[in-house]
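Report on the structure
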Amino acid sequence: MDETREGPALYLALPAAVWADAERWAPWHAGLGQLAPACVLLERGEPVAMAPVIAAIQAHEIAVMVSGTLNQTPVASCDGVHLDPPEEGWTAAALAQARRLAGELNLGIGAGLSRHAAMLAGEAGADYIAFGVPMFSTDSRAFSAEMTHEGAALTAWWGEVMEIPVALVVGPVRYQGAVAADFMVPWPDLKTGVSAGEGADFLWRPGSEAGKGHEV
């Protein structure tokens, strides 16, 4: 981890309901410059529809990851793929398959709250590990304080024992607490349009003035 950086970098996740809707996507696109995320994750949708969105984000020199599942062909022009655990959980064989699927692209692996899965992913060649709920989860119960604190504790442990970057998935919730992660992963609340991350350090509504509510 970069010891000179104060807090985690922003890794913004955008649900298909946002990026595939021209009206919803416009303010997020316009705000990319002020948000300056290290990376944007797009929930997978129709590849043809994703192409111009990917290009628009990359024009800001921001890497674009696309969510997916095992055996899905990576979306052309993206910079990497993110995979959350299958229902049966990660195995060494499945993670080796994921690495082959990604090829030369970056590979992000969601480990849930499993140290074992994270270790297997690291051994398989993942480019980063994500602790917490699956990306784009809509189950509010999964974002309980206890679950999020457990994910934060795992990111701290990982940072102490491994060099592979680690992300904490917080989703559309306010998280109060220190985070020893390389990246914080929030996504918009589809009802309010607000994306929230670590406490009051990241709270932004599309169309808000630059410099307000964004101090990652």
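Our subject is the structure that appears above.
Anyway, here's the lowdown on the structure attached to this text. (Residues numbered from 1 in each chain as written. Predicted model: local features only at pLDDT ≥ 70, side-chain atom pairs only at ≥ 80, totals over all residues. Heavy atoms only, no water.)

1. What about the overall build of the chain?
- Counting its regular elements, the chain contains 6 helices and 10 strands.
- Among the 216 residues that make up the chain, the fraction classed as buried is 47%.
- Considering only contacts in the chain between residues 6 or more positions apart, those separated by 24 or more positions represent 57%.
- Carbon and sulfur atoms make up 53% of the accessible area of the chain, which amounts to about 10,100 Å² in all. (Helix = DSSP H or I, 4+ residues; strand = E, 2+ residues; numbered from the N terminus. Buried < 20%, exposed > 50% of the residue type's maximum accessible area, 1.4 Å probe, protein only. Contact = heavy atoms within 4.5 Å. Areas by Shrake-Rupley, 256 points an atom, 1.4 Å probe, with all protein chains shown as cover.)

2. Quick look at the pattern of salt bridges
- In the structure shown here, the tally under the stated rule is 2 salt bridges.
- Note that Asp127 is salt-bridged to Arg99, the shortest N-O span being 3.2 Å. Of this pair, Asp127 sits in the loop between helix H5 (115–124) and strand S6 (128–131) while Arg99 is found in helix H4 (residues 92–102), placing the two residues 28 residues apart along the sequence.
- We classify Asp127 as partly exposed; its relative accessible area is 32%.
- Here Arg141 and Asp139 are joined by a salt bridge, their closest N and O atoms 3.1 Å apart.
- Here Asp139 falls in the partly exposed class, since its relative accessible area comes to 31%. (Salt bridge = Lys/Arg side-chain N within 4 Å of Asp/Glu carboxyl O.)

3. Thoughts on the environment of Pro37
- Its location among the elements puts Pro37 in the loop between helix H2 (22–35) and strand S2 (39–42).
- When its relative accessible area of 5% is taken as the criterion, Pro37 is described as buried.
- The contacts of Pro37, once residues within four sequence positions are left out, are Leu10, Leu12, Leu32 and Ile62.

4. A short note on the layout of surface pockets
- The space that makes up the largest pocket amounts to roughly 320 Å³.
- What lines the largest pocket is a set of 15 residues, and nearest its centre among them are Ser137, Thr138, Pro172, Trp187 and Leu190.
- A per-class count over the lining of the largest pocket returns 8 nonpolar, 3 polar and 4 charged.
- In this structure, the second largest pocket occupies an estimated 200 Å³ of space.
- Contributing to the lining of the second largest pocket are 15 residues, with Ser67, Gly68, Thr69, His82 and Asp84 lying nearest its centre.
- Of all elements in the fold, only strand S3 (63–68) and strand S4 (80–83) reach the threshold of two or more residues within the lining of the second largest pocket. (1 Å grid on protein atoms, 1.4 Å probe; cavity = no way out; pocket = protein on both sides within 12 Å on 5 of 7 lines; lining within 4 Å. Points joined across faces, edges and corners; volume = space filled by probe spheres on them. Nonpolar A, V, L, I, M, F, W, Y, C, P; charged D, E, K, R; others polar.)

5. Topic: the environment of Leu41
- Tracing the sequence through the fold places Leu41 in strand S2.
- Beyond its immediate sequence surroundings of up to four residues, Leu41 is in contact with Tyr11, Leu12, Ala13, Leu14, Met65, Val66, Ser67, His82, Met135 and Phe136.

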